[in-house]
Amino acid sequence: MPKKRSGGGLSPTQQAAKFLGVSVLAGAVLAGIALPAAGALGLAAKGSVKGFDEIPANLKSPQLSQRTTILDNRGRQIATVYSRDRTVVDLKDISPYMQKAIVAIEDSRFYQHGAVDLKGVLRALNKNARSGGVAQGASTLTQQLVKNYFIEEAGDDPTKVAEATQQTLGRKIRELKYAIQIEDKLGKKKILENYLNITFFGEQAYGVEAAAQRYFSKHAKNLNLQESALLAGIVQSPSRYDPVNDEAEATKRRNIVLQRMAEVGDISQKEADEAKEKPVELDPSHSKNGCITAVKGAGFFCDYVRQILLTDESFGRTREARSKLWNRGGLTIRTTLDPQAQRSVQASLKDHVYESDSVATAATIVEPGTGKILAMGQSRPYGVSTKHHETTINLSVNQGMGGGAGYQPGSTFKPIVAAAAIEGGKPPTQEYSSPYEMTYPSPVSACEGKTWHDDPNRPTKLTNENESEHGPYGMKEATAKSVNTYYVQLISDIGICPVIDMAHKMGVRRADGRKVQQAPSIALGTQEMSPLTMANAYATFASRGMYCTPVAIDSITQKVGSEQRSLEVPKSTCSRAMSEKTADTVSTLLKGVVEDGTGQEAGLGSRPSAGKTGTTDERYAAWFVGYTPNMAGAVWVGDPQHKRRMVDITIGGVPHAKVYGGEVPGPIWRDMMSGALEGKPAPDFHLIDIPDDTHNGGDQGKGDGGTDDGSNRDNGTATGQVTGGLIGGLIGGLTDGGTTDGGTTGDQSTGGIGGTLPTPTFSLPGNFIEGQMNGGGNGHGNGGRRG
């Protein structure tokens, strides 16, 4: 016996199911209305269609795809992203005119019938019989809503969409049963609300709110009579009645809707006639979809946020699921982006490097102590047009997050060596002979009990910037002048492993994801890094030794129905990388670089700052990385392809015979940080008293020891081409019973350091290409060289 309701008798759903279950109405009549060849196609399908009672009873309303909105840290919109542009709104936020118009034209008896309009079926059947085709359908709004549910579930899969819209008797019967269920469960008002939110209105607009914005640049609740009639008319055929592309056809259709509204009593005939006389007045807004539309030059930051969602498994078990969440999830993502800092970065980049220049620049600002990324930009716009110098490669981040393979940071790596030495007990007054020219000390201890050896038959030489630059030096002056031989002696003294360990604690990783290679040359910046990595590493000094992983997202909420739910987001994790005293000592050293050394052009005036310059071999790239107690930033300038040397070059309209770390990146850093910090506190560092060096090591150097091949030398300036195997030999010198693999031979790589006006002079002879292992084997690898 079927269940009865408490009041007696079958429920409306059960009555409808009993009446329509497997009746001729469900089969032949629907087939006759919906299918051109009713008798042939409909009845032929009979044997393959499940019985009505066998169709699953529960239809779950899909989570409608909605736009994702990305906000800055003040709640201002950066960009919107969507697969389907939709903003779900309540019925009370939809104009009454719009509600009446859609009912009048699509299902005028909506409030009088159940899930199926029997009168409408008979009327359509009669009209179609007279016309000999399908002149009129009989689907109710509820049935159309069910069909749209199926389409929504199909997403962007063309096969699934075809299945959801196929003209078969089976689909019609399934649609019918679910319509009965929905009528019983939701009620008329909720059905109408859902229908207006799910329906496609053309021009990439799904739902009435998106349509109102697209055609009239207003909210759905503010639509007037003629605007509502126009939108209601579009639904039947969004391409045919598109007012943007065919205003005349759209106007005819609008007037049909207005007349129908008068016929059913929603408006008077006078109102209808007056509205018909009015021209279509559009105020269209263009579709703004994706990171390419981001404001304030934040396209690359937006893309970095996208990469976080696509790669973090907390947002979905598969990349497909995470991609769906990003494109269709209706997320509101509040990020760490500071609009003031972002504006300042973009303004500085625009002032100093043009989009059309043969080289590019990228910059990132991070907040010490939190890891929050405050700004991220580059001179080449986000996009796919090579004609307009656009790119989608984020030059600020690692390869795995949408960036490139990175750039050798040169002398900006030296403070990490200093931190490792000080943390290990070396005093900042530590002196080394620091001659103008020397061979690499050998052997040098490395990690895991290994030892690096140079080739005794072909020892590798390196030099400082010029012959007047010689020691002995202490750490303070050697850092200010960026003395290559000092830092090579320092790493040879403490060993390679403490430096690699310190770099790891400071979050320093190669941009290409490979391990940092063990060789004394890392003191001179041979491992490719990204600007975000270097900015965040220096933030460790600014926060007095606390390293915090970088984060770009503060919070994410998702609209589910009428509710907002919070999603878990990656949080910054902080750990102590070095003691406060070590960090304060490095800050004291780097404050001297800005005040008296190679970074003077990056100074912030009365605001305390610290930093380091870097210029690469053959001048393929130049850096400035620096910080104040409340912000840390990195600026890189160069050719992303490592092909254009910055010699005899014009950048930002300014000609340069040679580009230096302090000359181009330094002023970019100064200007972007000045704007980002405007109006903010100017705390001082916790400085350490470091006595001046007791020896005068020569005249103040202007550069920070860039390097060159040294195959030809003229007046102390080396020239030559860096080859892929050059550093491979040095790294190959790492020994472990003669079995250590130094890497594989690769493409040409460049490296470097720089200063205010440096001339790279560090030379490496050919015998440096192959180092020696204890077992006598050769190691090969790719890399650049730094002085």
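Residues numbered from 1 in each chain as written. Predicted model: local features only at pLDDT ≥ 70, side-chain atom pairs only at ≥ 80, totals over all residues. Heavy atoms only, no water.

Attention now goes to the overall build of the protein. Helices and strands together make up the secondary structure of the protein, namely 24 helices and 21 strands. Within the span of the protein, comprising 787 residues, buried residues form 57% of the whole. Residue pairs at least 24 apart in sequence account for 75% of intrachain contacts in the protein once pairs closer than 6 positions are excluded. Of the roughly 31,500 Å² of accessible surface on the protein, 49% is carried by carbon and sulfur atoms. (Helix = DSSP H or I, 4+ residues; strand = E, 2+ residues; numbered from the N terminus. Buried < 20%, exposed > 50% of the residue type's maximum accessible area, 1.4 Å probe, protein only. Contact = heavy atoms within 4.5 Å. Areas by Shrake-Rupley, 256 points an atom, 1.4 Å probe, with all protein chains shown as cover.)

Across a sheet, paired strands are connected by hydrogen bonds in the backbone, their directions being either parallel or antiparallel. Pairing in this open sheet of 5 strands is antiparallel, and the strands run 5-4-16-15-14 from one edge to the other. Two strands close off the open sheet at either side, each with one partner strand: strand 5 (373–378) and strand 14 (610–615). In this sheet, adjacent strand axes meet at a mean angle of 5° when their direction is disregarded. For strand 15 (residues 621–628) and strand 16 (residues 631–638), the ladder comprises 8 bridges, and the chain directions are antiparallel. Its bridge partner lying in strand 16, A621 is registered against G638. The strands touched by helix 16 (residues 339–352) are strand 4 (360–366) and strand 5; relative to strand 5, the strand with the most contacts, the crossing angle is about 25°. Sitting on the sheet, helix 23 (residues 665–677) touches strand 4, strand 15 and strand 16, and the angle it makes with strand 16 is about 145°. (Pairing = 2+ DSSP bridges. Axes fitted to C-alpha atoms, helices over the stretch in contact; angles between N-to-C directions.)

So, on to the sheet that holds strand 12 (residues 563–567). The 5 strands lie next to each other as 2-1-3-11-12, forming an open sheet whose pairing is mixed. In this open sheet, the two edge strands, each paired with only one partner strand, are strand 2 (77–81) and strand 12. Ignoring which end each strand starts from, the neighbouring axes of this sheet average 20° apart. Pairing geometry for strand 1 (residues 68–71) and strand 2, over 4 bridges, is antiparallel. Directly across from I70, in strand 2, lies its bridge partner A79. Each of strand 1, strand 2, strand 3 (331–335) and strand 11 (553–560) is contacted by helix 14 (residues 299–311), which is oriented at about 120° to strand 3, the strand it contacts most. On top of the sheet, helix 15 (residues 319–328) reaches strand 1, strand 2, strand 3, strand 11 and strand 12; it is set at about 75° to strand 1, its chief contact.

Let us look at the packing of helix 4 (residues 96–106) against helix 9 (residues 188–198). The axes of two packed helices give the description: the angle between them and the distance between them. Where helix 4 meets helix 9, the closest approach of the two axes is 11 Å, and the angle between their N-to-C directions is 90°. By the angle class used here, helix 4 and helix 9 are roughly perpendicular. Residues M98, Q99, I102, V103 and E106 of helix 4 form the contact with helix 9, whose own contacting residues are L192, Y195 and L196. When its residues are assigned to classes, the contact of helix 4 with helix 9 shows 6 nonpolar, 1 polar and 1 charged. (Parallel < 35°, antiparallel > 145°, perpendicular 65-115°, else oblique. Nonpolar A, V, L, I, M, F, W, Y, C, P; charged D, E, K, R; others polar.)

The residue after S442, namely P443, is reached through a cis peptide bond having omega 5°. Relative to the helices and strands, P443 resides in the loop between strand 6 (437–439) and strand 7 (444–445). In this chain, G471 is followed by P472 through a cis amide linkage whose omega measures 10°. Along the polypeptide, P472 turns up in the loop between strand 9 (461–463) and helix 18 (475–481). Located in the positive-phi region is E203, a residue other than glycine, with phi close to 50°. Here E203 shows up in the loop between helix 9 and helix 10 (208–216).

Time to look at the pattern of salt bridges. Side chains carrying opposite charge are able to pair once their charged atoms draw close together. Counting across every chain of the model gives 27 salt bridges. Of the charged contacts, one joins K218 and E227 as a salt bridge, the two residues approaching to 3.1 Å between their closest N and O atoms. The partner of E448 in a salt bridge is K450, and the shortest N-O contact between them spans 3.5 Å. Take K450: its relative accessible area is 16%, and that puts it in the buried class. Through salt bridges that share partners, R84, R86, E152 and R328 make up one connected network. (Salt bridge = Lys/Arg side-chain N within 4 Å of Asp/Glu carboxyl O.)

So, on to helix 16. The end-to-end C-alpha separation of helix 16 is 20 Å, in line with the 20 Å expected for 14 residues at 1.5 Å each. Turning to helix 16, its buried residues number three or more, namely P339, Q340, A341, Q342, S344, V345, S348 and L349. Where the residues of helix 16 are buried, they touch strand 4, strand 5 and helix 23. (Expected span 1.5 Å × (residues − 1).)

On to the packing of aromatic side chains. In this structure the tally under the stated criterion is 14 aromatic pairs. One aromatic cluster in this structure is built from Y538, F541, Y627 and F685. Here K188 stacks its cationic end above the ring of F110, 4.4 Å away from the centre of that ring. (Phe/Tyr/Trp six-rings, centres within 6.5 Å; stacked < 30°, edge-to-face > 60°. Lys NZ or Arg CZ within 6 Å of the ring centre and 35° of its normal.)

Here we take up the confidence of the model for the protein. The share of residues in the protein with pLDDT of 70 or more is 77%, and the mean pLDDT across the chain is 80. Across residues 705–787, where pLDDT falls below 50, the model places 308 contacts with residues more than four positions away in sequence or in other chains. (pLDDT = per-residue confidence, 0-100.)

Along the chain, T391 turns up in the loop between strand 5 and helix 17 (414–423). Separated by 3.1 Å, the side chain of T391 and the backbone nitrogen of I393 make a polar contact. Once residues lying within four places of it in the same chain are set aside, the contact partners of T391 are F300, Q378, R380, P381, Y382 and G383. (Polar contact = N/O pair within 3.5 Å; in protein donor to acceptor, adjacent residues only side chain to side chain.)

This part covers the packing of helix 14 against helix 15. Running from N to C, helix 14 and helix 15 cross one another at 140°; their axes reach a closest spacing of 8 Å. On the basis of the axis angle, helix 14 is oblique to helix 15. Residue-level contacts link C302, V305, R306, L309, L310 and T311 of helix 14 to R319, R322, S323 and W326 of helix 15. Looking at the contact of helix 14 with helix 15 residue by residue, the classes come out as 5 nonpolar, 2 polar and 3 charged.

Quick look at the state of the cysteines now. If you walk through the whole model with that rule in mind, you get 3 disulfides. With a sulfur-sulfur separation of 2.1 Å, C447 is cross-linked through a disulfide to C497. Here the disulfide of C447 and C497 is right-handed, its torsion about the S-S bond being about 110°. In this pair, C447 sits in the loop between strand 7 and strand 8 (451–452) while C497 sits in helix 20 (residues 496–505), placing the two residues 50 residues apart along the sequence. C497 matches C447 in its accessibility class, with the two residues each being buried. Taken in N- to C-terminal order, the disulfide-linked cysteines of the protein are connected 1-2, 3-4, 5-6. (Disulfide = S-S within 2.5 Å.)

A word on the environment of P681. For P681, the location among the structural elements is in the loop between helix 23 and strand 19 (712–714). Relative accessible area serves as the criterion here: at 60%, P681 is assigned to the exposed category. When neighbours within four sequence positions are excluded, P681 is seen to be in contact with R607 and N630.

Turning to the environment of K372, a few remarks are in order. Within the fold, K372 resides in the loop between strand 4 and strand 5. For the pair K372 and K571, spaced 199 residues apart in sequence, the C-alpha separation works out to 9.7 Å. Setting aside residues no more than four positions away along its own chain, K372 makes contact with T336, I365, V366, E367, V551 and D554.

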